[in-house]
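# Examining the three-dimensional arrangement
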Amino acid sequence: MALEPRMGALYDYYRAGGRAAALVEPDVGRAGGGHGPGLPPFDAVEAKGIDPIVVLGQFVALVQGVPWTVDLVPMAMLHPPPEGAPRTAEEWDALPEDSPYLDGGAIVELGASVRDVLAGVDDGRLPDLAARWALIEEFAAWHLDPGDLLPVARALVALARRARQADQLLYCWMCL
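## So, the pairing of strand β4 (residues 106–110)
- Across the five residues of β4, five count as buried, placing the element largely inside the fold.
- The alternating pattern of β4 places Ala-106, Val-108 and Leu-110 and Ile-107 and Glu-109 on opposite faces, both of which are buried.
- Judged from the four bridges that link them, strand β3 (residues 75–79) and β4 form a sheet pairing that is antiparallel. Across the sheet, residue His-79 finds its bridge partner in β4, namely Ile-107.
- Where β4 and strand β5 (residues 169–175) come together, four bridges link them in antiparallel fashion. By the bridge assignment, Ala-106 is partnered in β5 with Met-174.

## With respect to the pattern of salt bridges
- For the structure on display, the rule yields seven salt bridges.
- Between Asp-43 and Arg-15 there is a salt bridge whose closest N-O contact spans 2.6 Å. Placement of Asp-43 in strand β2 (residues 43–46) and of Arg-15 in strand β1 (residues 10–16) is noted, with a sequence separation of 28 residues between them.
- Notably, a salt bridge pairs Asp-123 with Arg-161, separated by 2.9 Å at the nearest N-O pair.

## What to know about the side chain of Asp-51
- Tracing the sequence through the fold places Asp-51 in the loop between β2 and α2 (55–64).
- Under the relative-accessibility criterion, Asp-51 is labelled buried at 10%.
- From its side chain, Asp-51 meets the backbone nitrogen of Val-54 in a polar contact 2.7 Å long.

Reading the values: rules and limits
Residues numbered from 1 in each chain as written. Predicted model: local features only at pLDDT ≥ 70, side-chain atom pairs only at ≥ 80, totals over all residues. Heavy atoms only, no water. Buried < 20%, exposed > 50% of the residue type's maximum accessible area, 1.4 Å probe, protein only. Helix = DSSP H or I, 4+ residues; strand = E, 2+ residues; numbered from the N terminus. Pairing = 2+ DSSP bridges. Salt bridge = Lys/Arg side-chain N within 4 Å of Asp/Glu carboxyl O. Polar contact = N/O pair within 3.5 Å; in protein donor to acceptor, adjacent residues only side chain to side chain.

Coordinates in, geometry out; function isn't part of it.
The following block contains the structure:
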């Protein structure tokens, strides 16, 4: 696949059996194998440059045949914990360099509606949806061919189907 990720923007979509399982080793990527000695690997899709709000959100909008809006993909921030986040510029400036709010991975839980929309896509629609997805503004600099996003679209749909079958939610690990 000829995708060129945005500099520094890594996104792994995965499924997990609850928030505790989703939060294991939050600073470690989810795709590409195991995440620690004795721990099973995550069922994950590496999707460099495909953020959950805008880029994945636009794919969800295409699937549903609705206009994209910033709140189309419901999410809950899990890591770093939102209740400890700095609230003022002074608090941000006072954070130590190794603060999880400045460095490391972040994890969001995607709403069940996203899982269900993706899981319900008819496979026959995927080539057209992926070709239309490749035309969004956020991919303009990537110079994509119409079929370049089809493997990612198929992988995300398959992951959503496995999550729905297991009664799990989808999560996104990101490192910006």
